[in-house]
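Spelled out from the first residue to the last, the chains are:
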Amino acid sequence: MSEQSRSLTVPDRSAGNALAPNTSLQTWADPDWQRFWLTVDQLPWRTLAFIPAGEGGPPDFTLSLAVTLSRTGMTHLGGPMLVADGTQVRLNELTAFLADVRSCSEAGQRVIVALPSAKSDATVPAIANSVDGVVLCVLFGRMKSSEAKETIRLVGSKKFLGSVIIRPDGSIAPPPP
């Protein structure tokens, strides 16, 4: 596949993202994002999907999160990390998209795949089941627990490595005590 048609990108989100910007510092330099990266980095994965818990987030919710985590990871590792935008993969594009992700992973790259809601897109479970692990992304106050349960059911609970709660301002909510 040519470089121009490759599905895997690291979009430039420096001008902002779907969530309200954190103006005090670059998000990937935030200690909470760094802690999140260090936790995710310890898990066994080369391909990782971010899936929203349900409806209620902006269209690029998981893409913004994936880009932020990849930048945080690149800061830590000192090398590239790929983000695959799987938020609009149609059924006729699914095989090629999965092949691109697999090819990059087999070449030694880590790939974070951003996905849309499992309820709204039939390709989401197939993509989620093709990666090493999935992180459930919850937009605090905007996503329902019943939708999160349905997302986990559609994908399969064994694929989930964990979850992250994101506040509307883009910051990570601390884990419960």
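Residues numbered from 1 in each chain as written. Predicted model: local features only at pLDDT ≥ 70, side-chain atom pairs only at ≥ 80, totals over all residues. Heavy atoms only, no water.

Q: How would you summarise the overall build of the protein chain if you had to cite specific residues and measurements?
A: Scanning the protein chain for helices and strands turns up 5 helices and 6 strands. Listing every helix and strand of the protein chain by position from the N terminus yields β-α-β-α-β-α-β-α-β-α-β. Across the 177 residues in the protein chain, those meeting the buried criterion constitute 45%. Total accessible area on the protein chain stands at roughly 9100 Å², and carbon and sulfur atoms take up 54% of it. (Helix = DSSP H or I, 4+ residues; strand = E, 2+ residues; numbered from the N terminus. Buried < 20%, exposed > 50% of the residue type's maximum accessible area, 1.4 Å probe, protein only. Areas by Shrake-Rupley, 256 points an atom, 1.4 Å probe, with all protein chains shown as cover.)

Q: Go over the packing of helix 1 (residues 31-41) against helix 2 (residues 61-77), please, and point to the residues and values.
A: Their axes nearest at 9 Å, the elements helix 1 and helix 2 cross at an angle of 80°. Between helix 1 and helix 2, the crossing angle belongs to the class labelled roughly perpendicular. Where helix 1 abuts helix 2, its residues Trp-33, Gln-34, Phe-36, Trp-37, Leu-38, Val-40 and Asp-41 lie against Leu-65, Thr-68, Leu-69, Thr-72, Gly-73, His-76 and Leu-77. Among the residues forming the contact of helix 1 with helix 2, the class breakdown is 8 nonpolar, 5 polar and 1 charged. (Axes fitted to C-alpha atoms, helices over the stretch in contact; angles between N-to-C directions. Parallel < 35°, antiparallel > 145°, perpendicular 65-115°, else oblique. Contact = heavy atoms within 4.5 Å. Nonpolar A, V, L, I, M, F, W, Y, C, P; charged D, E, K, R; others polar.)

Q: Can you tell me about the nonpolar core, naming the residues and giving the values?
A: Within the largest apolar cluster, 48 residues are counted, with the highest numbers of intra-cluster contacts made by Phe-36, Phe-50 and Val-113. Ignoring sequence-local partners within four residues, the contact set of Val-113 consists of Leu-48, Ala-49, Phe-50, Ala-84, Phe-97, Val-101, Ile-127 and Val-131. (Core = buried A, V, L, I, M, F, W, Y, C linked by side-chain atoms within 4.5 Å.)

Q: How would you explain the environment of Lys-119 if you had to name every residue and give the values?
A: Mapped onto the fold, Lys-119 is located in the loop between strand 4 (111-114) and helix 4 (124-130). What makes Lys-119 exposed here is its relative accessible area of 62%. Separated by 31 residues in the primary sequence, Lys-119 and Glu-150 have C-alpha atoms spaced 7.9 Å apart. Other than its neighbours up to four places away in sequence, Lys-119 contacts Glu-147 and Leu-154.

Q: Before we move on, could you go through the packing of aromatic side chains and cite the residues and values that matter?
A: Taken as a whole, this structure holds 3 aromatic pairs when the rule is applied. Ring centres 6.3 Å apart and planes at 35° place the aromatic pair Phe-36 and Phe-50 in the tilted group. Of this pair, Phe-36 sits in helix 1 while Phe-50 sits in strand 2 (residues 47-52); the two residues are 14 residues apart in sequence, bridging distant segments of the chain. With relative accessibility at 12%, the residue Phe-36 sits in the buried group. The rings of Trp-33, Phe-36 and Phe-50 are connected pair by pair, giving a single aromatic cluster. In this structure, Arg-110 packs its charged tip against the face of Trp-45, placed 4.3 Å from the ring centre. (Phe/Tyr/Trp six-rings, centres within 6.5 Å; stacked < 30°, edge-to-face > 60°. Lys NZ or Arg CZ within 6 Å of the ring centre and 35° of its normal.)

Q: Account for helix 5 (residues 145-155), with residues named and values stated.
A: Note that an α-helix has 3.6 residues per turn; residues three or four places apart therefore point the same way. For helix 5, the full list of buried residues reads Glu-147, Ala-148, Thr-151 and Val-155. In an axial view of helix 5, the angular spread of the buried residues amounts to 105°, which keeps them on one side of the axis. Among the exposed residues of helix 5, those pointing more than 90 degrees away from its buried face are Ser-145, Lys-149 and Arg-153. For helix 5, the elements touching its buried residues are strand 2, helix 4, strand 5 (133-139) and strand 6 (160-166). (Arc of directions from axis to C-beta.)

Q: Give me the side chain of Asp-121: which residues, what numbers.
A: Among the secondary structure elements, Asp-121 is positioned in the loop between strand 4 and helix 4. Notably, Asp-121 is buried but unbridged: the nearest opposite-charge side chain belongs to Arg-90, and the N-O separation is 9.4 Å. Residues contacting Asp-121, with those up to four places away along its chain left out, are Thr-87, Val-89 and Pro-116. (Lys, Arg positive; Asp, Glu negative; His and termini not counted. Salt bridge = Lys/Arg side-chain N within 4 Å of Asp/Glu carboxyl O.)

Q: Could you give an account of the confidence of the model for the protein chain, naming the residues involved and the relevant values?
A: When pLDDT is averaged along the protein chain, the result is 84; 82% of the residues meet or exceed 70. Ignoring residues within four places in sequence, the model shows residues 1-25, a span with pLDDT below 50, making 53 contacts including any to other chains. (pLDDT = per-residue confidence, 0-100.)

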